[in-house]
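Structural characterization, general
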Amino acid sequence: MHSPMDIQPVIDYVSRGWQLGPVHGMEHWKRVERNGLLLATEDVNINVVRLFAYLHDHKRLSDGWDLEHGPRAAENMDNLRHTLLEGLTDEEFGMLRRACMEHTITERTGVPTIDACFDADRMDLPRVGYMPDPDRMASALGAAYARHGVVQEDCSISEEKLKIAKKELLLI
Ligand SMILES: [Fe+2]
Ligand SMILES: [Fe+2]
């Protein structure tokens, strides 16, 4: 079991100097964190999922086509390893780095924490007009959320549908 980390310094870091708008900015990052917590089954590392939410898109250069922003975020993380991210174990850092590196190019990894990161991001697709596709989610829980329409068109969460999806996977 990992101990919870104070991620506020990371949130302050990514907020500073953010030039782009809300589509890939703080509003999106907060919802990715919220989604990640909804996807956090027992085998998911919450520190990694929460940090992914704030770090995965912060090296975007535009809101348009920019497939390299994941690798850029991952490489930048190496500079933070002994400062902002020093509280992470090597295993946590490795998962966070890989999740950021691959989030634009990999559908699923089979690593529960990384797959939860991917799905947390995909669950925020309604902000750009797409509903999450159950067949393209990385985790079983993410797929169930997509199938039941847990995230609504305005990116809010339907508590009722959330319960139905969790029940389906016998999580409640
Ligand atoms: Fe991204
Ligand atoms: Fe994103």
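Notes on the structure in this doc start here. Keep in mind the model is a prediction, meaning the values are calculated, not measured.

This paragraph deals with the coordination of the iron ion (ligand 1). Summarising the metal site, the iron ion (ligand 1) is bound by the protein donors Asp57 (OD), His69 (NE2) and His103 (NE2), whose distances to it range over 2.0 to 2.2 Å. When the donors of the iron ion (ligand 1) are listed by position in the chain, the intervening gaps give D-x11-H-x33-H. The metal-metal distance between the iron ion (ligand 1) and the iron ion (ligand 2) is 3.8 Å, with Asp57 serving as a donor to both. Placement of the pair is Asp57 in the loop between α3 (46-55) and α4 (69-80) and His103 in the loop between α5 (90-102) and α6 (112-122), with a sequence separation of 46 residues. Residue class for Asp57 comes out buried when judged on its relative accessible area of 2%. Overall, His103 belongs to the buried group, its relative accessible area being 10%.

With that settled, consider the pattern of salt bridges. With the rule as written, the count across this model stands at 10 salt bridges. Linking Glu33 and Arg50 is a salt bridge whose minimum nitrogen-to-oxygen distance equals 2.6 Å. Pair noted here: Glu33 is in helix α2 (residues 26-39) and Arg50 is in helix α3, with a separation of 17 residues, a long-range link. Arg50 sits in the partly exposed class, given a relative accessible area of 23%. Between Asp90 and Arg81 there is a salt bridge, and its shortest N-O distance comes to 2.8 Å. Here Arg81 falls in the buried class, since its relative accessible area comes to 12%.

Our next topic: the layout of surface pockets. The space that makes up the largest pocket amounts to roughly 820 Å³. His103, Thr104, Asp121, Arg122 and Leu125 are, among the 27 residues lining the largest pocket, the residues nearest its centre. Tallied by class, the residues present in the lining of the largest pocket amount to 10 nonpolar, seven polar and 10 charged. Together, Tyr13, Val14, Arg16, Gly17, Trp18, Gln19, Leu20, His58, Lys59, Arg60 and Leu61 line the second largest pocket. Among the residues forming the lining of the second largest pocket, the class breakdown is five nonpolar, three polar and three charged.

This brings us to the coordination of the iron ion (ligand 2). Coordination of the iron ion (ligand 2) by the protein is provided by His28 (NE2), His56 (NE2), Asp57 (OD) and Asp121 (OD), with metal-donor distances spanning 2.2 to 2.3 Å. Classification of the site at the iron ion (ligand 2) rests on its four donor atoms, whose angles at the metal span 85 to 176 degrees, yielding the label irregular. Read N to C, the donor residues that coordinate the iron ion (ligand 2) are spaced as H-x27-H-D-x63-D. Classification of Asp121 by relative accessible area gives buried; the value is 15%.

A general feature of soluble globular proteins is that nonpolar side chains tend to end up buried together. Core analysis: the largest hydrophobic core is formed by 45 residues, its most contacted members being Leu51, Leu55, Leu85, Leu96 and Tyr145. Those elements giving two or more residues to this core turn out to be α1 (8-15), α2, α3, α4, α5, α6, α7 (140-148) and α8 (159-168). It is α3 that provides the largest number of residues to this core, a total of seven residues. Setting aside chain neighbours within four positions, we find Leu55 in contact with Val10, Val14, Ala73, Met77, Leu80, Leu85, Leu96 and Cys100.

Procedures and definitions
- Residues numbered from 1 in each chain as written.
- Chains lettered and ligands numbered in written order.
- Predicted model: local features only at pLDDT ≥ 70, side-chain atom pairs only at ≥ 80, totals over all residues.
- Heavy atoms only, no water.
- Donors = N, O, S within 2.8 Å, 3.2 Å for Na, K, Ca; no water.
- Helix = DSSP H or I, 4+ residues; strand = E, 2+ residues; numbered from the N terminus.
- Buried < 20%, exposed > 50% of the residue type's maximum accessible area, 1.4 Å probe, protein only.
- Salt bridge = Lys/Arg side-chain N within 4 Å of Asp/Glu carboxyl O.
- 1 Å grid on protein atoms, 1.4 Å probe; cavity = no way out; pocket = protein on both sides within 12 Å on 5 of 7 lines; lining within 4 Å.
- Points joined across faces, edges and corners; volume = space filled by probe spheres on them.
- Nonpolar A, V, L, I, M, F, W, Y, C, P; charged D, E, K, R; others polar.
- Tetrahedral: all angles 85-135°; square planar, octahedral: opposite > 155°, others 65-115°.
- Core = buried A, V, L, I, M, F, W, Y, C linked by side-chain atoms within 4.5 Å.
- Contact = heavy atoms within 4.5 Å.

These values are about where atoms sit, not about what they do.
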